[in-house]
Amino acid sequence: MKKEQPIWLGLTIGNSRLHWAGLIGETLQTWDTNHLPAAAIKEIIESWSAGIWPQEILPLKGTVSAPRDLRLYVASVVPTQTELWQAYPAVRIITLDQIPLGGIYPTLGIDRALAVWGAGKIWGWPVLVIDAGTALTFTGADGNHQLVGGAILPGLGLQLKSLGQRTAALPEIELPAEIPQRFALNTKEAMQSGIVYTVIAGVRDFISAWWDSYPESRILLTGGDRTLMFTYLQTQAPEVAAKITVEPNLIFWGMRSIVNIPGLTHDEKINQVSS
């Protein structure tokens, strides 16, 4: 008899989007969706209870059915979205007290805690995690698995969005694919230059300060703007970029370690599924 492949789902509820991970056998698939309204979540929960995948929301390859007791592991920084998923009987909300990281303070974001724990467990300690998402965060832990601390500031996209929405004359624009000219001759590029160069300078300064204390530490870069951030760093600070590891799934590696989900190692196949 063919052994059934283990299936589990992880969900990270971020400020801007839902970040999903599904494990089927030895393959981890990840994808993102927008925040969902209550009616859509209710429909998903009903489908799971009937052992059916709503493929338009959860594009997991390799299966058209799910076990009725499918476990859903949730880490969230948006309480209103968390509450909607708690109607699912097999949900498990991951909280700070489940993460064996020393020095955690009560308001530390669960996403930051899981990311630094996942980074340390796989790449070793000490470690500094830079999460380039809606917020740009720095989270460091030492060789004793003790939280050293970190910082939070508006992310690249949020800074641009704020200029476009909170000023009368400045437009809403996108981040450039390549690092812009520093001294710009038009408004769009001047906005891009001001934000990109000051953020990159800040990132370099935080990394330098961290290496002053932990010279052998690994640096991990994650988050939705990780690719752009890394591209900018490669141009502006190639010697720093060469020592940075870019990893999109830090939170899910931390989640896997916390819930002790069997059947997956970091070296096994990772499929990126976008939606």
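Rules and cut-offs
- Residues numbered from 1 in each chain as written.
- Predicted model: local features only at pLDDT ≥ 70, side-chain atom pairs only at ≥ 80, totals over all residues.
- Heavy atoms only, no water.
- Helix = DSSP H or I, 4+ residues; strand = E, 2+ residues; numbered from the N terminus.
- Buried < 20%, exposed > 50% of the residue type's maximum accessible area, 1.4 Å probe, protein only.
- Contact = heavy atoms within 4.5 Å.
- Areas by Shrake-Rupley, 256 points an atom, 1.4 Å probe, with all protein chains shown as cover.
- Expected span 1.5 Å × (residues − 1).
- Pairing = 2+ DSSP bridges.
- Axes fitted to C-alpha atoms, helices over the stretch in contact; angles between N-to-C directions.
- Salt bridge = Lys/Arg side-chain N within 4 Å of Asp/Glu carboxyl O.
- 1 Å grid on protein atoms, 1.4 Å probe; cavity = no way out; pocket = protein on both sides within 12 Å on 5 of 7 lines; lining within 4 Å.
- Points joined across faces, edges and corners; volume = space filled by probe spheres on them.
- Nonpolar A, V, L, I, M, F, W, Y, C, P; charged D, E, K, R; others polar.

Here the focus is the overall build of the chain. Within the chain, the secondary structure is distributed over eight helices and 11 strands. Taking all 275 residues of the chain together, the buried fraction comes to 49%. For the chain, the proportion of contacts with a sequence separation of at least 24, taken over those separated by at least 6, is 54%. Looking at the chain as shown, the accessible area adds up to about 13,500 Å², and 52% of this sits on carbon and sulfur atoms.

Attention shifts here to helix α3 (residues 110-123). Owing to its 3.6 residues per turn, the α-helix aligns residues three or four sequence positions apart on the same side. In a regular helix each residue adds 1.5 Å, so 14 residues correspond to 20 Å; α3 covers 20 Å between its end C-alpha atoms and thus fits that length. Taken across its 14 residues, α3 has 12 buried, putting it largely inside the fold. Within α3, the full set of buried residues consists of I110, D111, R112, A113, L114, A115, V116, W117, G118, A119, G120 and W123.

Here we have five strands laid out as an open sheet, ordered β8-β7-β6-β9-β10, and mixed in their pairing. What marks the edges here is a single partner per strand, and that holds for β8 (147-154) and β10 (244-246). The average angle at which neighbouring strand axes cross in this sheet is 15 degrees, direction not considered.

Now for the environment of F138. Here F138 lies in strand β7 (residues 135-141). The class of F138 is buried, set by a relative accessible area of 2%. Sequence separation between F138 and A151 is 13 residues, and the spatial gap between their C-alpha atoms is 5.1 Å. The contacts of F138, once residues within four sequence positions are left out, are R112, L128, V129, I130, G149, G150, A151, L153, V203 and F206.

Going from W125 to P126, the amide bond is cis rather than trans, its omega being -5 degrees. Turning to its location among the elements, P126 is positioned in the loop between α3 and β6 (127-132). One non-glycine residue with positive phi stands out, namely H145, at about 60 degrees. Structurally, H145 is set in the loop between β7 and β8. The exposure class of H145 is partly exposed, given its relative accessible area of 28%.

Our next topic: the pattern of salt bridges. In the structure shown here, the tally under the stated rule is two salt bridges. In this structure, the salt-bridge partner of R204 is E239, at a minimum N-O distance of 3.8 Å. One end of the pair, R204, is in helix α5 (residues 187-213); the other, E239, is in helix α7 (residues 238-241), with 35 residues separating them in the sequence. Taking relative accessible area as the criterion, R204 reaches 31% and is therefore assigned partly exposed. Take E239: its relative accessible area is 46%, and that puts it in the partly exposed class.

In this structure, S217 sits in the loop between α5 and β9 (218-222). Exposure remark for S217: the relative accessible area of 6% places this residue in the buried category. If sequence neighbours within four positions are ignored, S217 has contacts with P126, V127, L128, W210 and W211.

Moving on, we come to the layout of surface pockets. In this structure, the largest pocket encloses a volume near 1,200 Å³. If you trace the largest pocket, you find 46 residues lining it, with H19, G133, T134, G223 and G224 closest to the centre. Only β1 (7-13), β2 (17-24), β3 (27-34), α3, β6, β7, α4 (156-166) and α8 (250-259) provide two or more residues apiece to the lining of the largest pocket. Per-element tally for the lining of the largest pocket: the top contributor is α4, with four residues. Within the lining of the largest pocket, the residues separate by chemical class into 17 nonpolar, 19 polar and 10 charged.

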